[in-house]
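Close look at the chain arrangement
Residue-level listing of the chains:
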Amino acid sequence: MCGIVGAVAQRDIAEILLEGLKRLEYRGYDSAGLAVISSSGELQRVRCVGKVQALRDAVNQNPVKGSTGIAHTRWATHGEPAERNAHPHVSDYIAVVHNGIIENYAGLKEKLIAQGYQFSSETDTEVVAHLLHKQMTQSTRLIDAVRAIIPHLRGAYGTVFMDRRDPNTLVVARSGSPLVIGLGIGENFVASDQLALLPVTRRFMFLEEGDIAQITKTTIEIWDKTGRLVERPVIESNAQYDAGDKGTYRHYMQKEIFEQPNAIKNTLEGRLQHGKVVFNELDNAAQEMLKQVEHIQIVACGTAYNAGMVARYWFEALAGIPCDVEIASEFRYRKPAHRKNSLFITLSQSGETADTLAALRLSKEIGYIGSLAICNVAASTLVREADLVLLTKAGVEIGVASTKAFTTQLTVLLMLVAKLGRLNKMSEATEQAITHALQALPSRIEQVLTFDNMIEALAEQFSDKHHALFLGRGDQYPIAMEAALKLKEISYIHAEAYAAGELKHGPLALIDADMPVIVMAPTNELLEKLKSNIEEVRARGGLLYVFAEQDAGFESDSTMKIIALPHVEEITAPIYYTVPTQLLSYHVALIKGTDVDQPRNLAKSVTVE
Ligand code: HGA
């Protein structure tokens, strides 16, 4: 989602701000802007709709100079993407950038208008700028004014404030939206994501919920939510990010699809030993707690939710542990009932997903036996707040449509199934079957990636379609859901997923030659049932595309195209069958000419609810 970069330095910082925003581009946004205080105390603001490159062009036309400034990429929540709504928002000498939503902005706006403030945007953010300006008439220091207005703001936000009359100071506040301070020598920085600041520093302080900080060139003071002056640890980051690093690939998404064998290898490394799953990060106390688990509640959003849905089949079938899965935005407002000895599992690539974080916080009130986060970002809020953490080692995922994060989440989940299963009543033989299948998985995925050309040719047949139906049974049903989501996200084709047995209860009415039906048909005990469902579609003139094993007994003809894949172990088939559907969505999107890495209206790391 939107990105924040700020700097208080001893050099011109326009280029640092622009480069920082560029590095946050992958998160998805619709407009961008910056404000820099000049040496004579002027506020120079440049904003535009569109990409950071457009902002850079505008800055080249209207150069800004100065050593203190703030910048922002906006993903609109209140007010259309337009220059007037782009951040920073200004109230006389105050400038503000903001991630998140001020939920009570309407009431505040009404009062401010009654007091004579004029609004030039439809955003909730502009309310904060005017409110702070009003408060500045009673406070001498920016920090005092910020502390005075924060209790009046409801919602989730990460905010950076600047006063052009005090060009040596930035004030930042975090409540529900991440902020990190980057430490330099004689200069300091702030951003919503450390990746933005890697060209200028590797030393970071991560703000915690409710923190307010005052940053100058040489000092950093942080107050926690109780108003106490606190120290936050300085972390040396080894994060990697090279904006130009697509190698020979056309898109980050394509690169990330092809990185999956390695991402899975890294995620497995050191965790499979002699046919057993070993999580060194879970200490004795954690193991004792896991022994008590009688039920699992998984909560996540989007692709991560689909991963949770696959895990439900695994937890129940392989480990014998009842498991429920729920979308975080539903769970958090549903007043869920308490369950005895239930483990609360959250999944999130970024670890900053607002709804998932809120669900995790709610789980602590409900009284789960403990919480466990599966996440790709070690320095994220989710990782800090969960009792137990299992990291995926996918590496930075830039494409908005998640690929390697999904398959590595599934990899960790399957290891967890083995771990919890063994603490329950799973046999050693089942654990060995799981570890064996996981060990073989990277090379299996390498094999399936060689089908890229064939799937590229297949994609031609989808690009003029407006709808598509994905079918699966058992643990392939959530893979059909993920495949449909991927096609929607990047090709803008309307796609739905159904459990194949559900077809005759409604969706069969949709079948005609314009509705391609894609079937996930690995060899397993449900294959015969699935074949009957396929016949139901054929009998009604449907056009089928079936992903199956070479010897599954299917033959291509004019109504059915078989994509015959090499053999894979049954347990890991959901992970393996995901890959060709990722390639299919990618190639359809290429043919349609969409923005594959930053699809319209979408953002990575969904930090608003
Ligand atoms: N609500 C603000 C900021 C939006 C945001 O944080 N998006 O991720 C706006 O609409 O400008």
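Scroll up for the structure.
Residues numbered from 1 in each chain as written. Predicted model: local features only at pLDDT ≥ 70, side-chain atom pairs only at ≥ 80, totals over all residues. Heavy atoms only, no water.

**Considering the packing of aromatic side chains**
Ring pairs (aromatic) are described by centroid distance and by the angle formed between their planes. Going through the model one piece at a time under the given rule, you end up with six aromatic pairs. Ring pairing ties together the aromatic residues F331, F344 and Y368, which thus form one cluster. Over the ring of Y93 we find R165; its NZ or CZ atom is 3.5 Å from the centre of that ring. The ring of F554 has K531 sitting right over it, with the charged end atom 5.1 Å from the ring centre. (Phe/Tyr/Trp six-rings, centres within 6.5 Å; stacked < 30°, edge-to-face > 60°. Lys NZ or Arg CZ within 6 Å of the ring centre and 35° of its normal.)

**Looking at helix α11 (residues 354–366)**
In this model α11 runs 19 Å from its N-terminal to its C-terminal C-alpha over 13 residues, within 8% of the 18 Å that 1.5 Å per residue would give. Among the 13 residues of α11, 10 are classified as buried, and the element is accordingly described as predominantly covered. Listed in full, the buried residues belonging to α11 are A354, D355, T356, L357, A358, A359, L360, L362, S363 and I366. Packed against the buried residues of α11 are β18 (295–300), α10 (328–331), β20 (342–348), β21 (370–375) and α12 (381–385). Phi turns positive, to about 100°, at G367, one or two residues after α11. (Helix = DSSP H or I, 4+ residues; strand = E, 2+ residues; numbered from the N terminus. Expected span 1.5 Å × (residues − 1). Buried < 20%, exposed > 50% of the residue type's maximum accessible area, 1.4 Å probe, protein only. Contact = heavy atoms within 4.5 Å.)

**Considering the side chain of D224**
Examined against the element boundaries, D224 turns out to sit in the loop between β13 (220–223) and β14 (229–230). At 2.7 Å, the side chain of D224 forms a polar contact with the side chain of T226. If we skip the residues at most four places from it in the chain, D224 touches G210, D211, V230 and R232. (Polar contact = N/O pair within 3.5 Å; in protein donor to acceptor, adjacent residues only side chain to side chain.)

**Structural notes on the packing of helix α13 (residues 404–423) against helix α14 (residues 428–449)**
Running from N to C, α13 and α14 point in directions that differ by 165°, and their axes come no closer than 9 Å. When the axis of α13 is compared with that of α14, the two are roughly antiparallel. The element α13 and its partner α14 pack so that their crossing is left-handed. In this structure, α13 contributes T411, L414, M415, V417, A418 and R422 to the contact, and α14 contributes E428, E431, I434, L438 and L441. (Axes fitted to C-alpha atoms, helices over the stretch in contact; angles between N-to-C directions. Parallel < 35°, antiparallel > 145°, perpendicular 65-115°, else oblique. Left-handed = near helix turned anticlockwise from the far one by under 90°.)

**Describing the packing of α13 against helix α18 (residues 573–592)**
α18 packs onto α13 with a crossing angle of 175° between their chain directions and a minimal axis gap of 10 Å. Looking at the two axes, α13 sits roughly antiparallel to α18. Counting all contacts with α13, which are made through F406, T407, L410 and T411, the residues of α18 involved are I575, T578 and Q582. Residues that form the contact of α13 with α18 fall into these classes: three nonpolar, four polar and no charged. (Nonpolar A, V, L, I, M, F, W, Y, C, P; charged D, E, K, R; others polar.)

**Looking at the state of the cysteines**
Applying the stated criterion across every chain yields a total of zero disulfides. C48 takes part in no disulfide bond, and the closest cysteine sulfur to it belongs to C2, at a distance of 15 Å. In this structure C301 is a free cysteine whose sulfur lies 13 Å from that of C375, the closest cysteine sulfur available. In this structure C301 comes out as partly exposed when scored by relative accessible area, which is 21%. (Disulfide = S-S within 2.5 Å.)

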